[in-house]
Amino acid sequence: MGARVSLITRAESYRLRFPKYPPPVVYGDWLYGIWEIGNDYKGNGFYGSYPPRYLQRLQALFPDHPPATWLHLFSGALKATVGGMRADCNHELRPSVAADAARLPFRDGSFSMVAADPPYTAADAARYGTKMVNRRAVMLELSRVVRPGGFVAWLDCVKPQYRKAEWKLFGEIGIARSTNHRVRFVFLFERKPCA
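Residues numbered from 1 in each chain as written. Predicted model: local features only at pLDDT ≥ 70, side-chain atom pairs only at ≥ 80, totals over all residues. Heavy atoms only, no water.

(A) Examining unusual backbone geometry more closely. In this structure, phenylalanine 74 is a non-glycine residue whose phi angle is positive, near 65°. With respect to the helices and strands, the residue phenylalanine 74 is situated in the loop between strand S3 (71–73) and strand S4 (85–88). With phi around 60°, arginine 94 is a residue other than glycine that occupies positive phi space. With respect to the element layout, arginine 94 can be found in the loop between S4 and strand S5 (97–98). (Helix = DSSP H or I, 4+ residues; strand = E, 2+ residues; numbered from the N terminus.)

Rendered as structure tokens:
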């Protein structure tokens, strides 16, 4: 990774890649916005997968992090062609690594970019055949595997608990699809330097 990318540069990268949609807004050291993503009626056949074009939009915000370097946590049926490491607790979905998100088998500081899309509710977790995620425990584990200056984009209906000594929350983007879909947020975190 080269020089640090400013929030203004991240918003501009998004605007250039998606010129028909409003870009995220930067206010001081905060980035926020709304992404009206719409619906893809074909889907990929897997309940709970990323919203259509969500990953492309997120990648536009982080042009300094090539897709091959990402960790996709709670990857579900995400195809290997997206690049990066795919981690999920369900080995039948054939992730790169089958592991509990609160106990990842990676060395400290292994990643500079993580996209996390956990089950949002106990009912969702039951539908996946897994237990509900302990968001706080996962964020604690991510503070170990994400190197200082790295990022987590956490897609959820609930803001995860995190330690302010380890993470700086620097952005929130609302995700709206079409009618009869949950509204979600992507919470953007930067890993602070180790004390």
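Next comes the rest of the description.
(B) Summary view of the side chain of serine 75. As for its placement among the helices and strands, serine 75 is situated in the loop between S3 and S4. For serine 75, the residues in contact, after removing those within four places along its chain, are Arg86, Ala87, Asp88 and Pro95. (Contact = heavy atoms within 4.5 Å.)

(C) Seen up close, the nonpolar core. Tyr54, Leu58, Phe62, Val186 and Leu188 are the most contacted members of the largest nonpolar core, which has 26 residues in total. Of all the secondary structure elements, the ones that give two or more residues to this core are helix H1 (7–17), strand S2 (30–36), helix H2 (54–61), strand S6 (111–116), strand S7 (146–156), strand S8 (167–176) and strand S9 (184–191). In terms of residues, this core owes the most to one element, H2, which gives five residues. Ignoring any residue separated from it by four or fewer positions in sequence, one finds leucine 188 in contact with Leu31, Leu58, Leu61, Phe62, Val152, Ala153, Lys168, Leu169, Phe170, Gly171 and Ile173. (Core = buried A, V, L, I, M, F, W, Y, C linked by side-chain atoms within 4.5 Å. Buried < 20%, exposed > 50% of the residue type's maximum accessible area, 1.4 Å probe, protein only.)

(D) Fine view of the sheet that holds strand S1 (residues 25–27). Sheet architecture is open: nine strands sit in the order S1-S2-S8-S9-S7-S6-S3-S4-S5, paired in mixed fashion. Strands with a single pairing partner mark the edges of an open sheet, and in this sheet they are S1 and S5. In this sheet, S4 lies alongside S3 in parallel orientation, the contact comprising three bridges. By the bridge assignment for S4, histidine 72 is matched with arginine 86. H2 rests against S2, S3, S6, S7, S8 and S9 of the sheet, and its axis sits at about 155° to S2. Along the sheet, helix H4 (residues 135–145) makes contact with S3, S6, S7, S8 and S9, crossing S7 at roughly 150°. (Pairing = 2+ DSSP bridges. Axes fitted to C-alpha atoms, helices over the stretch in contact; angles between N-to-C directions.)

(E) Spatial organisation of H4. Turning to H4, its buried residues number three or more, namely Arg135, Val138, Met139, Glu141, Leu142, Ser143 and Val145. Capping the start of H4 is the job of one residue whose side-chain oxygen sits 3.2 Å from the backbone nitrogen of arginine 136: asparagine 134. (Polar contact = N/O pair within 3.5 Å; in protein donor to acceptor, adjacent residues only side chain to side chain.)

(F) Geometry of the side chain of serine 143. When you line up the elements, serine 143 lands in helix H4. Among the polar contacts made by the side chain of serine 143, one reaches the side chain of glutamate 166 at a distance of 3.3 Å. Ignoring any residue separated from it by four or fewer positions in sequence, one finds serine 143 in contact with Glu166, Trp167 and Arg191.

(G) Representation of a nonpolar patch on the surface. Together, Val25, Tyr27 and Tyr32 make up an exposed nonpolar region whose accessible area comes to about 340 Å². With respect to the helices, strands and loops of the structure, tyrosine 27 is situated in strand S1. Owing to a relative accessible area of 64%, tyrosine 27 belongs among the exposed residues under this scheme. (Patch = residues over 30% accessible without salt bridge, like charges linked within 9 Å, V, L, I, M, F, W, Y side chains within 5 Å. Areas by Shrake-Rupley, 256 points an atom, 1.4 Å probe, with all protein chains shown as cover. Salt bridge = Lys/Arg side-chain N within 4 Å of Asp/Glu carboxyl O.)

(H) Spotlight on the pattern of salt bridges. Per the stated rule, a full pass over the model turns up eleven salt bridges. A salt bridge links aspartate 100 to arginine 103; the nearest nitrogen and oxygen atoms lie 2.9 Å apart. Relative accessible area serves as the criterion here: at 58%, arginine 103 is assigned to the exposed category. For arginine 163, the salt bridge identified is with glutamate 166, shortest N-O distance 3.5 Å. Judged by its relative accessible area of 43%, arginine 163 is partly exposed. Classification of glutamate 166 as buried rests on a relative accessible area of 13%. In this structure, a network of salt bridges that share partners links the residues Asp108, Glu141 and Arg144.

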